[in-house]
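Observations on chain architecture
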Amino acid sequence: MPELPEVETVRRGLAPTMVGERIESVEQRRANLRLPFPEDFAARLTGRRVLSLGRRAKYLLAGLEGGETLIMHLGMSGSFRIEAGEAAAPGAFHHPRGKLAAHDHVVFVFSHARIVYNDPRRFGFMALHRTDSLAESAHLAKLGLEPLGDAFTAEALADALKGAATPLKAALLDQSRIAGLGNIYVCEALHRARLSPVTPAGDLVRANGAPTASAKLLTASIRSVLEEAVEAGGSTLRDHRQADGALGYFQHRFAVYDREGHACPRKGCGGTIGRIVQGARSTFFCGDCQKP
DNA sequence: AGTTGCACCTGGCTGC
DNA sequence: TGCAGCCAGGTGCAAC
């Protein structure tokens, strides 16, 4: 499920259960996901209180007591589920000990609940980095603009696209330019901005480095589609659920993603959604209203 | 240096 | 029914 809106939805779902609580134990059930777990992973988490749960692009960042931050990425198929404990007596809780499922790779045990990380394809990964130099972590250091942040302006986007010969679709998927968009929301944002996915990205920048009108429209489109998706609880595809089991609803509002052959929903357009392949990934767009 | 292509995995769907 | 082939929300790294 996870592009920025889905990760933000996960963050909001997990925060009430994690923040302020102490990790009593961690069960790491295999040596690696896509990347190896950090050395002494469970030991470095055990006994630590979770001070904060943040997000950068598609990364979840759990700030821990003791000076380290747990960095988590869900890859393509990662998800968390919360299993709440039952009150055994006033003020005394026990965590559930139910069976784990296939692809449950990590269990974080708290006094009142456990949080289970499940990831069939194992494209996700977890890392630890010192909190005081978190931005220097190899995973975070190269990330580009945060599209829901204050610094995401048309000028900043123009700077990120300046001189790029690569197609807009590929440029917006490049996390070192702008970080957090994936295949779905790039397609949706380009449709909102009426921009062709094959336009050279650098065409949105004037010779003096200033953003074109298209760049301004694209900036607003990226922000609005992400904000609306977060508001809707993200998109739920292929049975993925939020941490609390709830479903996201934004998938019902896709204008183009996975809608090949359907009518373009833009008023007065009358075009049909098509699919092309760019960089071995599907791009959905309307050839009638999305122009260079 | 900027881009492209492949590798990493499992599961679900389609078509024979 | 079985099975092969294709496709899927992402990223890191090697090779041009």
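A few points on the structure. (Residues numbered from 1 in each chain as written. Chains lettered and ligands numbered in written order. Predicted model: local features only at pLDDT ≥ 70, side-chain atom pairs only at ≥ 80, totals over all residues. Heavy atoms only, no water.)

**A few points about the overall build of chain A**
Looking only at helices and strands, one finds seven helices and twelve strands in chain A. Against the globule reference of 19 Å for 292 residues, chain A gives a C-alpha radius of gyration of 21 Å, in line with a compact fold. Taken along the three principal axes of its C-alpha coordinates, chain A extends 65 × 40 × 30 Å. Taking all 292 residues of chain A together, 51% fall into the buried category. Side chains of chain A carry 37 positive and 31 negative charges; the gap between the two charge centres is 4 Å. (Helix = DSSP H or I, 4+ residues; strand = E, 2+ residues; numbered from the N terminus. Rg over C-alpha atoms; globule rule 2.2 N^0.38 Å. Buried < 20%, exposed > 50% of the residue type's maximum accessible area, 1.4 Å probe, protein only. Lys, Arg positive; Asp, Glu negative; His and termini not counted. Charge placed at Lys NZ, Arg CZ, Asp CG, Glu CD.)

**A look at the protein's contact with DNA strand B**
Neighbouring residues of DNA strand B: Arg34, His103, Pro120, Arg121, Arg122, Phe123, Ala164, Ala165, Thr166 and Arg177. For DNA strand B, the fraction of atoms within 4 Å of the protein that belong to sugar or phosphate moieties is 56%. Take arginine 121: an N or O atom from its side chain is 2.9 Å from a base oxygen of DNA strand B. The separation between a phosphate oxygen of DNA strand B and a polar main-chain atom of alanine 165 is 2.8 Å. For the surface near DNA strand B, a count of residues per class yields four nonpolar, two polar and four charged. (Near = heavy atom within 4 Å. Polar contact = N/O pair within 3.5 Å; in protein donor to acceptor, adjacent residues only side chain to side chain. Nonpolar A, V, L, I, M, F, W, Y, C, P; charged D, E, K, R; others polar.)

**Side note on the pattern of salt bridges**
Per the stated rule, a full pass over the model turns up 18 salt bridges. A salt bridge links arginine 44 to glutamate 68; the shortest N-O distance between them is 2.7 Å. Linking arginine 44 in helix H2 (residues 41-45) with glutamate 68 in strand E4 (residues 68-73), this pair joins segments that are 24 residues apart in sequence. Under the relative-accessibility criterion, glutamate 68 is labelled buried at 17%. The shortest N-O distance in the salt bridge between arginine 49 and glutamate 65 comes to 3.9 Å. (Salt bridge = Lys/Arg side-chain N within 4 Å of Asp/Glu carboxyl O.)

**Comments concerning the nonpolar core**
Leu161, Leu168, Leu172, Leu181, Tyr185, Leu218 and Ile222 are the most contacted members of the largest nonpolar core, which totals 43 residues. If you list the elements that add at least two residues to this core, you get helix H4 (154-161), helix H5 (168-173), helix H6 (183-192), helix H7 (213-231) and strand E12 (281-286). (Core = buried A, V, L, I, M, F, W, Y, C linked by side-chain atoms within 4.5 Å.)

**Details of the sheet that holds strand E2 (residues 50-56)**
Taken in spatial order, the four strands make up an open sheet running E2-E3-E4-E10, and their pairing is antiparallel. Across the chains shown, the open sheet's two edge strands, defined by having one partner strand only, are E2 and strand E10 (125-130). Direction aside, neighbouring strands of the sheet carry axes that sit 20° apart on average. Bridge count for strand E3 (residues 59-64) against E4 is five bridges, and the pairing is antiparallel. Residue leucine 60 lies in a different strand from E4, and its bridge partner there is methionine 72. Sitting on the sheet, helix H1 (residues 4-18) is in contact with E2 and E3, with an inclination near 175° to E2. (Pairing = 2+ DSSP bridges. Axes fitted to C-alpha atoms, helices over the stretch in contact; angles between N-to-C directions. Contact = heavy atoms within 4.5 Å.)

**Re the layout of surface pockets**
In this structure, the largest pocket occupies an estimated 910 Å³ of space. Considering the residues around the largest pocket, the lining is formed by 30 residues, among which Pro2, Lys58, Gly75, Met76 and Arg281 are closest to the centre. Those elements that provide at least two residues to the lining of the largest pocket are helix H3 (138-141) and H6. Classifying every residue of the lining of the largest pocket by side-chain character gives twelve nonpolar, ten polar and eight charged. (1 Å grid on protein atoms, 1.4 Å probe; cavity = no way out; pocket = protein on both sides within 12 Å on 5 of 7 lines; lining within 4 Å. Points joined across faces, edges and corners; volume = space filled by probe spheres on them.)

**Looking at the packing of aromatic side chains**
Going through the model one piece at a time under the given rule, you end up with seven aromatic pairs. With 4.9 Å between their ring centres and 50° between their planes, phenylalanine 37 and phenylalanine 41 make a pair best called tilted. When sorted by exposure, phenylalanine 37 lands in the same class as phenylalanine 41, which is buried. With a centroid separation of 5.9 Å and an interplanar angle of 40°, the aromatic rings of tyrosine 185 and phenylalanine 250 are classed as tilted. Here phenylalanine 250 lies in the loop between H7 and strand E11 (273-278) and tyrosine 185 lies in helix H6, a separation of 65 residues in the sequence. According to the relative accessible area criterion, phenylalanine 250 is buried, its value standing at 0%. Each member of the aromatic cluster is reached from another via a ring pair, and the members are Tyr185, Phe250, Phe254, Tyr257 and Phe284. (Phe/Tyr/Trp six-rings, centres within 6.5 Å; stacked < 30°, edge-to-face > 60°.)

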